[in-house]
Amino acid sequence: MPELPEVETVRRGLLPAMEGRLIERAEVNRPDLRWPLPANMAERLTGKRVLALRRRSKYILADLSSGETLLIHLGMSGRMLVSGITLGDFFYEHAAPEKHDHVVLHLEGGARVTFNDARRFGAMDLLPTLTAEQHPLLSEIGPEPMGNAFNETYLATKLHNRNTPIKAALLDQHLVAGLGNIYVCEVLYRARIAPNTRAGSIANAGSLVPIIREVLAEAIEAGGSSLKDYRRTDGELGYFQKAFAVYGREGQPCQTPSCTSTIARMVQSGRSSFYCPTCQI
């Protein structure tokens, strides 16, 4: 599942193709993805201008001139592909239609944005912009980790006396938005905290905030991590996985200078946690 850096990378890739542009024609090629698509979706998108393109947690939100917002979730295999526009030094030609091109937006200026999702675990919805934050998928999400509301005092207070493992606590979307398994593993390695440590027992838990921001910023700069199905809007891979210190490195040497241990793996709530048993205590 794409995490915050992957979704933010996609949002940034969509900006030049979508923000400020008119949707001249929308194609909706099936009635549902993970859930049914909104009624008359093509008609409600066609002729509308994209006023702003933003992100909330792992969701992309396109605010439209109609007063509605298009909500997009990539799911496990969803891809937003941009064509007919110059991105950086390259012009991307329109590709031939593919079987799993479920929603296609033709924008003014010749740009095209295609939502392709082989497994159909992604989702789209149209909701009133003024009440978007009250949508069931958004209403209970915690603060953005890069925002002012997520600060050292907030995190220390939320983790105080919490008995769950710190790994599970940081994955809780009610606590903080957008963090997933990969980046929490990397954060805890940098913080030198074992993933099964009781959250409420961590002294100065607020010190995790700058580490979380640092890891996310580096991942966004690298274009995210390309595990399994994730791709950027130009179809290329992200590169942060080349900088993983622990994730997916079971049995490989710890990268901490002078540490002779190898990276270990434990299973927590059905998910693999990677850590150094010497550095993370």
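Residues numbered from 1 in each chain as written. Predicted model: local features only at pLDDT ≥ 70, side-chain atom pairs only at ≥ 80, totals over all residues. Heavy atoms only, no water.

Engineer: Can you lay out unusual backbone geometry for me, pointing to particular residues and giving the numbers?
Structural biologist: In the Ramachandran plot, asparagine 40 falls in the positive-phi region, its phi being about 55° despite a non-glycine side chain. When you line up the elements, asparagine 40 lands in the loop between β1 (23-28) and α2 (41-45). One non-glycine residue, serine 57, lies in the positive phi region at around 55°. Position of serine 57 among the secondary structure elements: in the loop between β2 (50-56) and β3 (59-64). Taking the relative accessible area as the measure of exposure, serine 57 reaches 3% and is therefore buried. (Helix = DSSP H or I, 4+ residues; strand = E, 2+ residues; numbered from the N terminus. Buried < 20%, exposed > 50% of the residue type's maximum accessible area, 1.4 Å probe, protein only.)

Engineer: Can you break down the packing of aromatic side chains residue by residue, with the values?
Structural biologist: Aromatic rings in a pair are described by how distant their centres are and how their planes are angled relative to each other. In this structure the tally under the stated criterion is 3 aromatic pairs. Centre to centre, the rings of phenylalanine 150 and tyrosine 154 are 6.0 Å apart; their planes meet at 65°, and the pair counts as edge-to-face. With relative accessibility at 18%, the residue tyrosine 154 sits in the buried group. One aromatic cluster is present, formed by Phe244, Tyr247 and Phe274 through successive ring pairs. We note arginine 192 situated over the ring of tyrosine 189; from NZ or CZ to the ring centre the distance is 4.6 Å. (Phe/Tyr/Trp six-rings, centres within 6.5 Å; stacked < 30°, edge-to-face > 60°. Lys NZ or Arg CZ within 6 Å of the ring centre and 35° of its normal.)

Engineer: Run through the packing of helix α1 (residues 4-18) against helix α6 (residues 208-221), naming residues and quoting values.
Structural biologist: One way to put it is that α1 packs onto α6 with a least axis distance of 9 Å and a crossing angle of 40°. On the basis of the axis angle, α1 is oblique to α6. The chirality of how α1 crosses α6 is right-handed. Every residue of α6 that contacts α1 at Leu4, Pro5, Glu8, Thr9 and Arg12 is listed here: Leu216, Ala219 and Ile220. (Axes fitted to C-alpha atoms, helices over the stretch in contact; angles between N-to-C directions. Parallel < 35°, antiparallel > 145°, perpendicular 65-115°, else oblique. Left-handed = near helix turned anticlockwise from the far one by under 90°. Contact = heavy atoms within 4.5 Å.)

Engineer: If you had to explain the pattern of salt bridges to someone new, which residues and values would you point to?
Structural biologist: Where charged atoms of side chains with opposite charge meet at close range, the side chains can pair. Taken as a whole and assessed by the stated rule, the structure comprises 16 salt bridges. Residue arginine 49 pairs with glutamate 108 through a salt bridge whose shortest N-O separation is 2.5 Å. With a gap of 59 residues between them, arginine 49 in the loop between α2 and β2 and glutamate 108 in the loop between β8 (101-107) and β9 (112-117) connect regions that are remote in the sequence. Between arginine 56 and glutamate 133 there is a salt bridge, with its nearest N and O atoms 3.5 Å apart. Of this pair, arginine 56 sits in strand β2 while glutamate 133 is found in the loop between β10 (123-128) and α3 (152-159), placing the two residues 77 residues apart along the sequence. Taking relative accessible area as the criterion, arginine 56 reaches 14% and is therefore assigned buried. (Salt bridge = Lys/Arg side-chain N within 4 Å of Asp/Glu carboxyl O.)

Engineer: For the packing of helix α5 (residues 181-191) against α6, give the residues involved together with the corresponding values.
Structural biologist: Packing of α5 against α6 leaves a shortest axis separation of 9 Å and a crossing angle of 130°. What the angle tells us is that α5 and α6 run oblique. Where α5 crosses over α6, the two elements pack in a sense that is right-handed. Where α5 abuts α6, its residues Tyr183, Glu186, Val187, Arg190 and Ala191 lie against Leu208, Ile211, Ile212, Glu214, Val215, Leu216, Glu218 and Ala219. Taken together, the residues of the contact of α5 with α6 break down into 9 nonpolar, no polar and 4 charged. (Nonpolar A, V, L, I, M, F, W, Y, C, P; charged D, E, K, R; others polar.)

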